[in-house]
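Commentary on secondary and tertiary structure
So you can see what is in the structure, the chains are spelled out below.
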Amino acid sequence: MSQLRFQILGPTIVSRDGRDLDLGSPKQRTLLVALLLEPRRVLPMRRLLNLLWDDPPTSATANARTYAYGLRKALGPVLHARDGGYLLDVAAADCDLGQFTAEVAAARLARSADDLSAAERHYEKALGMWRGACGEDLPADIPLQHQLVTVTERRAVAVEEYADLRLRQGPDPRLPEELRQALADHPTREGLWALLMRALAAGGDTAGALEAYHRARAELAARLGVDPGAELVDLQRSILAREPAVAGPSATTRSRSVVPHELPARPPVFVGRDAAVAQLLDAVADPGTRRYPVVLGIDGPGGIGKSTLAVELAHRISERLDAGSPADRDAGDDLGGEIYVDLHGGRSGLRPANQAEVLVRLLRSLGEPEPGHDDLEGLAARWRSLTHGRRLLIVLDNVLDADQVRPLLPNGPGCTVVVTSRRRLADLDLTARQTLSTLDVDTAVRLLKAHGDADEGSLRQIAVLCGGLPLALRMAAARLASRTDLTVGDFALRLSDDRLRLSELGYRDTGVRATFRSSFVALAGSADPVDRDAAKLFCLLGLLPVSDCSAEVAYALIDAAHGDASVGRLVELHLVTSDNGRLRLHDLLRLFAREVADELAPEDIEPAIHRAAWSYAESARRAWLCVRPLAGRMLPPSPLTRATAADPQTRAEGVRWLAENTASMRELLFALPGLPSVPLSVGVEILRHLTSHDGLAGTFRDTVAVAGGVVERAAAGADPRAELIARRLLAINLQRLRRYPEAQAEVRPAIELLPQVDDPVERITTLNTFGIFQTEWGDLDAAEQSLRAGLKLAREHDDPPWTSLLLHSLGMHQRVRGVLGESIELLREAYGIRQALADEIGQIYTRMQLGKALSAAGEVTEGLAHLDRALLAAERLNSAELAREIRIDRMEVLSRAGRIGEASGELRAALEVCRRLDDDTLRAEVLREAQRLRVPA
């Protein structure tokens, strides 16, 4: 157990071995208390910011990280940054709140076992831990105060339970004063006033009891503007009538009531959720051994099958309870029962159920008469009392949020509750949770077959088009059953049309579209601007032509400085999924998002797509600068006013960003001809950085497929600079793939564009690229002319990065021509500049050329040393493509030096790299080179 001790039931104190620690600023202590309220749980950064500030400033994230750093210095390694948030790894027992909770739970358990003296001891110990209000030293204006008030309310509940326990054992002269002290902190708690009246009446002070009633009425009127509830009014009448047993019924009295059996019928077809059922059933311990109710949560998007799973699970739990011990069955029917309530929190066109109305419905299920009032607190208290000693199974279906369901939870440790919601209900204390995902294709086919056998190939196609969404699959099965004139193949063909799919998967006001719309309308029609921004973001994500995107791109779509809240709403409602920060829409949700995007004005759509594309280009530029710190090309002016592009700070972060986003950037370029709002210059810059990354990752083929479209749009737009860059980049990838005729076809029109382009860097870059190509094609005179012209231009502009590039290329060219002395001189000069620039990748390439030039000049040992260091650097950078090239260079040097055995070792190593890259073309190229050099495999 940790040596740290935490106290928040009063001023915040943390001690280590009896010595109090300095916890820093009030905001830093606030962060600590927020984490202590949910120990060993990751609190996302978005939620932490919303607990620390009503309106988080732009610096909120940085400030929160500073507070976390300060806490980590004070507390040691118990505070962890994890999954975009923070986790405090301390046991609940190390905090006075956890100890208080445990003691109250022990008191309730002892009371339910009629061990009143033990219950009294536990209550005394629990209440003795309080030194004031929870977190009373924290700022009063922080949103966390709402949670702190709730914690302090738990003290009042424990006071009420403890007072009731003592009253049931007879008059207690100390109790009235203790209750008056509690009422000073909680003057509107009618339960405390009722206990004070009962305590005074039980002690014979009738006048004091009636005076307490009048004081309660005055406080409620002054503070809340309400009259006393039914409990206080009835108690006053009983005291006036001098009725006996004002202190209340016996602690062991139980209400005998109706035994409900309200579960809907089991689903006739249930497939694909066996693992979820098993995990949830594992969380349902034997009711006889539990100390608290079990609450099981099932969440997921609309149509994912939450209600179906909940009903099936409830029937299995009920069967397990029915198969309990004979003693349990002999105890009477009041121990059991199943209740089902639909709260309409996810139903289109239906008002979410009112909590008081639901409580009346729940009480009626247990045989209670109509209460005659709608006091939420009173109804919830009665519900908890009635459920305390029962073994009820309760299904609360389609819950809107945690606030809606919290008053509906029972009190008895034998109760089990199954809650379904489209939201994750992260702020509800769940025993276990299952977030449902779509069904895999094989399971989806099984579901379709259960509704009728058909050709499996067509059923598989339908399953894929339904995206594994259970509701879509059921609607597809229903449509096939109702349309006897429609073959399964015909129906699959209709579904393959994006314009028809949602209509085919629905009927009148039911189906996939209606289910999605209920979630969307809840956001679009909300008074909360965050919800409305989330609805707009959902539409724009549907229009953005990428499979997934980063959070920064989502922020750019709505131009929000901190779009976490809007993204969080979409994730919470499962309208988008978030996997390690990547946002993705289900295929059917994407179709729906494009439909509702028709409600957006064009001036909302086109600038948004422009902002997203610019964010990709600028983020890629910054990432590549981390990988290879050469002078980057500036983009056109930013269209962002509040959002910012991603900003990797280290080489590893830059490589990771590029690896995660290259697929999305290729999708964006593929769609570029149909995106008139995206400036051509932005598309060209995306292509530039993709091509740079391809050289590191070896993913040339993927970019060739989209580069042609950029060239076509540039040519059609009469933009010589953009066309020159696009043709050069396309030629680079074609050359890398050894598709020389196609690369030459791009070079000729590009050279013709050079006189029309004023940008010196683009001219230098083009001369360098084409000079290298001409060398490889054997056109050596033209190559030398291009490279010397490029070097002259780079020196004139005093541009070290480009000067080093041309020196490198000309040195390589001279090696090929056999002018080894000048080659080595040029390469050494290039290497020196690249060292000064800290251009690690450039140094690797120049070492490769130096190694080959020196070896050709007879300096084999020095040449191999350069290649060795280049190989170590490539492997450190995790660049398999570079490592393969260096292995081939080493094989060539060693074979020419007559060291065939070592050359064979390099061949095997190069082939292993190709195996890891899973590229047969590269493998064939390595083998051809080995055959040319006569190196045995």
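So, a few notes on the structure that sits alongside this text. (Residues numbered from 1 in each chain as written. Predicted model: local features only at pLDDT ≥ 70, side-chain atom pairs only at ≥ 80, totals over all residues. Heavy atoms only, no water.)

Quick word on the pattern of salt bridges
We count it as follows: Salt bridge, as applied in this entry: a Lys or Arg side-chain nitrogen positioned within 4 Å of an Asp or Glu carboxyl oxygen. The classification of residues rests on relative accessible area computed with a 1.4 Å probe and restricted to protein chains. Under 20% of the type maximum is buried, over 50% is exposed, and intermediate values are partly exposed. The helix count covers DSSP runs of H or I at least four residues long, the strand count covers runs of E at least two residues long, and both are numbered beginning at the N terminus.
For the coordinates displayed, the defined rule picks out 67 salt bridges. Here Asp403 ties to Arg406 by a salt bridge, and the two come within 2.9 Å at their closest N and O atoms. Accessibility expressed as a relative area gives 37% for Arg406, which makes it partly exposed. A salt bridge links Asp868 to Arg890; the nearest nitrogen and oxygen atoms lie 2.2 Å apart. Here Arg890 lies in helix H39 (residues 880–896) and Asp868 lies in helix H38 (residues 860–876), a separation of 22 residues in the sequence. For Arg890, a relative accessible area of 10% corresponds to the buried category. The network of salt bridges with common partners includes Glu685, Arg688, Arg721, Arg728, Asp759 and Glu762.

Describing the state of the cysteines
Every disulfide links exactly two cysteines, by a covalent bond between their sulfur atoms. So the rule is basically this: Here, two cysteine sulfur atoms that lie within 2.5 Å of each other are counted as a disulfide.
Summed over all chains, the structure comprises zero disulfides. Cys539 supplies the cysteine sulfur nearest to Cys549, a cysteine that is in no disulfide, at a spacing of 14 Å. Assessed through its relative accessible area of 2%, Cys549 is described here as buried.

Re the packing of aromatic side chains
The description of an aromatic ring pair rests on the distance of the ring centres and on the angle between the ring planes. So the rule is basically this: Pairing of aromatic rings covers Phe, Tyr and the six-membered ring of Trp, with a centre-to-centre limit of 6.5 Å; geometry is then stacked below 30 degrees between planes, edge-to-face above 60, and tilted otherwise. Here, a charge over a ring is recorded when the distance from Lys NZ or Arg CZ to the ring centre is within 6 Å and its angle to the ring normal is within 35 degrees.
Under the counting rule described, the total for this entry stands at nine aromatic pairs. Judged by centre distance (5.4 Å) and plane angle (85°), the ring pair of Phe100 and Trp130 falls under edge-to-face. Placement of Phe100 in helix H4 (residues 96–112) and of Trp130 in the loop between helix H5 (116–127) and helix H6 (144–168) is noted, with a sequence separation of 30 residues between them. Pair check on accessibility: Phe100 and Trp130 agree, each one buried. Here the aromatic residues Phe516, Phe520, Phe538 and Phe592 are joined through ring pairs into a cluster of three or more. Stacked on the ring of Tyr162, the Lys or Arg Arg166 has its end atom at 4.7 Å from the ring centre.

Overview of the sheet that holds strand S4 (residues 43–44)
Which entries qualify depends on this criterion: Two strands form a pair only when DSSP identifies at least two bridges running between them.
Ordered in space as S4-S6-S5, the three strands form an open sheet in which the pairing is antiparallel. Among the strands making up the open sheet, the edge pair consists of S4 and strand S5 (79–82). Where S5 meets strand S6 (residues 85–88), four bridges bridge the pair, whose relative direction is antiparallel. From the neighbouring strand, Leu79 faces S6, where its bridge partner is Leu88.

Quick notes on H39
One turn of an α-helix holds 3.6 residues; hence residues three or four places apart share an orientation. The condition is simple: Working rule for helices: expected span equals 1.5 Å times residues minus one.
Taking 1.5 Å per residue as the helical rise, H39 with its 17 residues ought to reach 24 Å, and the 24 Å between its terminal C-alpha atoms agrees with that figure. Where burial is concerned, most of H39 is hidden: 14 out of the 17 residues are buried. Looking one or two residues past H39, Gly898 carries a phi angle of roughly 80°, positive in sign.

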